[in-house]
Amino acid sequence: MTGSSPFQGRRRGRFRRGPRPLQHPVFRRVLGASVVSHLVRFLDFTIVAWLVVQQTDDSSAVGLLVFFRVIPFLILGPFIGALLDRYSRIGIFRKSQLGMAIVAVGFGVAIAFGYSSLPVIYLYTLFSGVLMVVEIPSRRAYMSSVVGPAALGSAMALDMVSLNSAWFIGSNLGGVVAKLIDPSIAYFGIGAVYLLNFLSLRGLPVMSRPNRGESAGNPFAAIAEGFRFSRANPAIFAGLLVVGVNNFFGYAFESMAPAFARDIYGAGPTQFGLLMSAQGLGALVTAGYVAVRGKRIANPGVLLISASLVQMVGSVGFSFTQTVGVGFVAIALLGLVSMVFGITHTLLILLASPDKFRGRVMGFQVLMMGLFPIGSLALGFTADAIGLGQAVRVFAYIGFALLAIIWVKYPELRKPVG
């Protein structure tokens, strides 16, 4: 770990214009790998969701798909956070790409031999989720070490630009692939791309020295230490609560989009892929603006909770949509708002946490993100009982009320950080 700015001493090959993080060659390599990883991931999400909706009419089955993809966030988040404070973050990120290559090829083999039932799909999704929970915080923690606090908002926005560009392109491509190509062949290709990503990340610097001295032999002690730090910082703790509430109640437009496409819109595979891309298109607008604007976001907490409240209101509007076109517009607008939430909750945690605790606090952030599959599953069962639109509205009302309580109880969340 060096004491100088990460932008010093790297004049050769740097960009002279554009967002500041892109001036750093290490950041550009990591961002390039992220773009590729996001692209094949959303292609994968669309194909696997289409495989599910072809086998069942139950909204709960769609909810289970999301549940198995994200439940590792809830179970493993704090442990991954402890690892990030003890081991090389770029090393962990790189190994996640190799793991994804192996899992994708394995799923392709299973499909080729006729094993594509719902239990097999859910098992594959679970393994993919485990690797996602390793990849996301390790990549973001590493990026924060590369660019430093001054350019962190722009760096996170660029990461989100890569994610949402890939979301729009990958989801539409997934719809075409689901229609034209055997899924086993598609997953062999996905595995090959992840393997190339693994190879492309060789030789990158560590950037921050792992802290193996504290609670070295006891991950539970390290997690407890991180929790005490988070609980003692009201802005961080309130931010984590907002992340949890919004992930449980506020993403019906994402988790139930396949059910809306099938049951309400009557969409075919191409329209299905287009609908799955809508959130990424809307989010891309916000992320692109923040990345190009380049200015530091001094008060991410107030943007975080404001965006979450607006997202709940928008979810109520989405629940009344009846056609693919209107649904696409509604999801795109919600994606625009949700990207404010996505950027600011990561930015708040990275700015408010010292490096020695950053991995563990991000682990608790991942834990709160892990409430998303629980909420999706509960929403699926609620939709089966009272109807899809009504269930979305009930969840949005509850989420809005809880966020209003956090707004009043934690005024520290609305103050500048860093």
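This text follows the structure it describes.
Everything quoted here is computed from the prediction, not taken from an experiment.

### Observations concerning the packing of aromatic side chains
Inference 1: As enumerated under the stated definition, the model contains 17 aromatic pairs in all.
Inference 2: Between tyrosine 124 and tyrosine 187, the aromatic rings sit 5.5 Å apart at their centres with planes inclined by 80°, giving edge-to-face as the arrangement. Taken together, the residues tyrosine 124 in helix α4 (residues 118–147) and tyrosine 187 in helix α6 (residues 183–200) connect sequence positions 63 residues apart.
Inference 3: Residue class for tyrosine 124 comes out buried when judged on its relative accessible area of 6%.
Inference 4: Looking at tyrosine 187, the relative accessible area reads 0%, which means it is buried.
Inference 5: Taking NZ or CZ as reference, arginine 231 lies 4.2 Å from the ring centre of phenylalanine 237, over its face.

### A few points about a nonpolar patch on the surface
Inference 1: Taken together, Leu98, Ile102, Leu195, Leu196 and Leu199 make up a surface patch of nonpolar side chains, about 440 Å² in accessible area.
Inference 2: Elements supplying a minimum of two residues to the nonpolar patch: α3 (89–112) and α6.
Inference 3: Ranked by the residues each element gives to the nonpolar patch, the list is headed by α6, at 3 residues.
Inference 4: The residue leucine 196 is located in helix α6 in this model.
Inference 5: Taking the relative accessible area as the measure of exposure, leucine 196 reaches 58% and is therefore exposed.

### Quick look at the pattern of salt bridges
Inference 1: Counted according to the given criterion, the structure contains 7 salt bridges.
Inference 2: Put simply, arginine 89 and aspartate 85 hold a salt bridge, and the shortest N to O gap is 3.3 Å.
Inference 3: Glutamate 225 serves as the salt-bridge partner of arginine 360, at 2.7 Å between the closest nitrogen and oxygen. Note that arginine 360 is positioned in helix α14 (residues 355–369) and glutamate 225 in helix α7 (residues 219–232), a separation of 135 residues in sequence. Like glutamate 225, arginine 360 is buried.
Inference 4: What you see here is one network of salt bridges that share partners, running through Arg41, Glu135, Arg139, Arg140 and Asp159.

What counts as what
Residues numbered from 1 in each chain as written. Predicted model: local features only at pLDDT ≥ 70, side-chain atom pairs only at ≥ 80, totals over all residues. Heavy atoms only, no water. Phe/Tyr/Trp six-rings, centres within 6.5 Å; stacked < 30°, edge-to-face > 60°. Helix = DSSP H or I, 4+ residues; strand = E, 2+ residues; numbered from the N terminus. Buried < 20%, exposed > 50% of the residue type's maximum accessible area, 1.4 Å probe, protein only. Lys NZ or Arg CZ within 6 Å of the ring centre and 35° of its normal. Patch = residues over 30% accessible without salt bridge, like charges linked within 9 Å, V, L, I, M, F, W, Y side chains within 5 Å. Areas by Shrake-Rupley, 256 points an atom, 1.4 Å probe, with all protein chains shown as cover. Salt bridge = Lys/Arg side-chain N within 4 Å of Asp/Glu carboxyl O.

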